[in-house]
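# Summary of the model geometry
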Amino acid sequence: VFSFISSGSPYFIVVAIGVFGLLGVIIAYLIGQTFSNKYLAVILALFVSFSSFFAGTSAQIWSPNLVPTLMMLLFYLFVLIEKSISRRIKLILSLVIGLIYGLILESEVAYGVLFIVASLPALYLVYRDKVSFSAVGLGLMFIELPRVVFEFRHQFIQIKSIMPYFTKTSEVAEPVVV
């Protein structure tokens, strides 16, 4: 994603990874402040900024993992929806949550598919009305629309390449004798 936006400039990629790391710290602070007070917010922000997990996710410059930051943002938006009173704000936040679902799916396909399938029942319980739930689906489809168009234009090449993993039975290969 960063390479595409920056036209391959390594400077932009390194700066963007740092910005996403900083965004994760800011979101952790906002989550702590929303749940409790500034002390918890500072502790959560320090935890995220010094966590080996979060430091290790951006260690690969050409393939940074955006999922931890997107997950924290998703969690913060769920908190905002629970605290929100206005129906309009809930719809806008639902659309943004759908966009984040799509970005998670595009960042890590296997994790994104499993996460979306596992969280749909919980998401349906959070959104008791179908309009907000539909807004999440609309945001997700907005991000996934280029992939769907690609599949139609190329005779479902990605789906055809992945289907043998689900349809074939596993076979045990002959042992290699040296």
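The structure presented is a predicted model; accordingly, all values stated were derived computationally and were not measured. (Residues numbered from 1 in each chain as written. Predicted model: local features only at pLDDT ≥ 70, side-chain atom pairs only at ≥ 80, totals over all residues. Heavy atoms only, no water.)

## Quick word on the overall build of the protein chain
The secondary structure content of the protein chain amounts to 10 helices and 0 strands. For the protein chain, the succession of helices and strands along the chain, N to C, is α-α-α-α-α-α-α-α-α-α. For the protein chain, with 178 residues in total, the buried portion stands at 29%. At a minimum sequence separation of 6, the contacts of the protein chain that also span at least 24 residues come to 56%. (Helix = DSSP H or I, 4+ residues; strand = E, 2+ residues; numbered from the N terminus. Buried < 20%, exposed > 50% of the residue type's maximum accessible area, 1.4 Å probe, protein only. Contact = heavy atoms within 4.5 Å.)

## Brief notes about helix H2 (residues 10-35)
Taking 1.5 Å of rise per residue, the 26 residues of H2 would be expected to cover 38 Å, and the 38 Å separating its terminal C-alpha atoms lies within 8% of that figure. Those residues of H2 that sit buried are Ile13, Ala16, Ile17, Gly24, Ile27, Ala28, Ile31, Gly32 and Thr34. (Expected span 1.5 Å × (residues − 1).)

## Comments concerning a nonpolar patch on the surface
A cluster of nonpolar side chains, contributed by Met141, Leu145, Val148, Val149, Phe152, Phe156, Ile159, Ile162, Met163, Tyr165 and Phe166, occupies part of the molecular surface with about 1,100 Å² of accessible area. At the level of elements, helix H8 (130-153), helix H9 (157-162) and helix H10 (164-167) are the ones that each hand at least two residues to the nonpolar patch. Broken down by element, the residue count for the nonpolar patch peaks at 5 residues, all from H8. In this fold, phenylalanine 166 is placed in helix H10. A relative accessible area of 64% places phenylalanine 166 in the exposed class. (Patch = residues over 30% accessible without salt bridge, like charges linked within 9 Å, V, L, I, M, F, W, Y side chains within 5 Å. Areas by Shrake-Rupley, 256 points an atom, 1.4 Å probe, with all protein chains shown as cover. Salt bridge = Lys/Arg side-chain N within 4 Å of Asp/Glu carboxyl O.)

## A short note on the layout of surface pockets
Size it by volume and the largest pocket reaches roughly 520 Å³. Lining the largest pocket are 17 residues, and of these Val109, Val113, Arg147, Ile159 and Ile162 lie nearest its centre. Broken down by secondary-structure element, the contributors of at least two residues to the lining of the largest pocket are helix H7 (109-126), H8 and H9. The residue makeup of the lining of the largest pocket, split by class, is 13 nonpolar, 1 polar and 3 charged. (1 Å grid on protein atoms, 1.4 Å probe; cavity = no way out; pocket = protein on both sides within 12 Å on 5 of 7 lines; lining within 4 Å. Points joined across faces, edges and corners; volume = space filled by probe spheres on them. Nonpolar A, V, L, I, M, F, W, Y, C, P; charged D, E, K, R; others polar.)

## Things to note about the pattern of salt bridges
Taken as a whole and judged by the stated rule, the model has 2 salt bridges. A salt bridge links arginine 147 to glutamate 106; the nearest nitrogen and oxygen atoms lie 2.9 Å apart. Taken together, the positions of arginine 147 in helix H8 and glutamate 106 in helix H6 (residues 87-107) put the pair 41 residues apart, joining distant regions of the chain. Classification of arginine 147 as partly exposed rests on a relative accessible area of 31%. A salt bridge links arginine 147 to glutamate 144, with the shortest nitrogen-to-oxygen separation between them at 3.4 Å. Of this pair, arginine 147 and glutamate 144 both sit in helix H8, separated by 3 residues, roughly a single helical turn.

The quantities given are spatial measurements derived from coordinates; they are silent on function.
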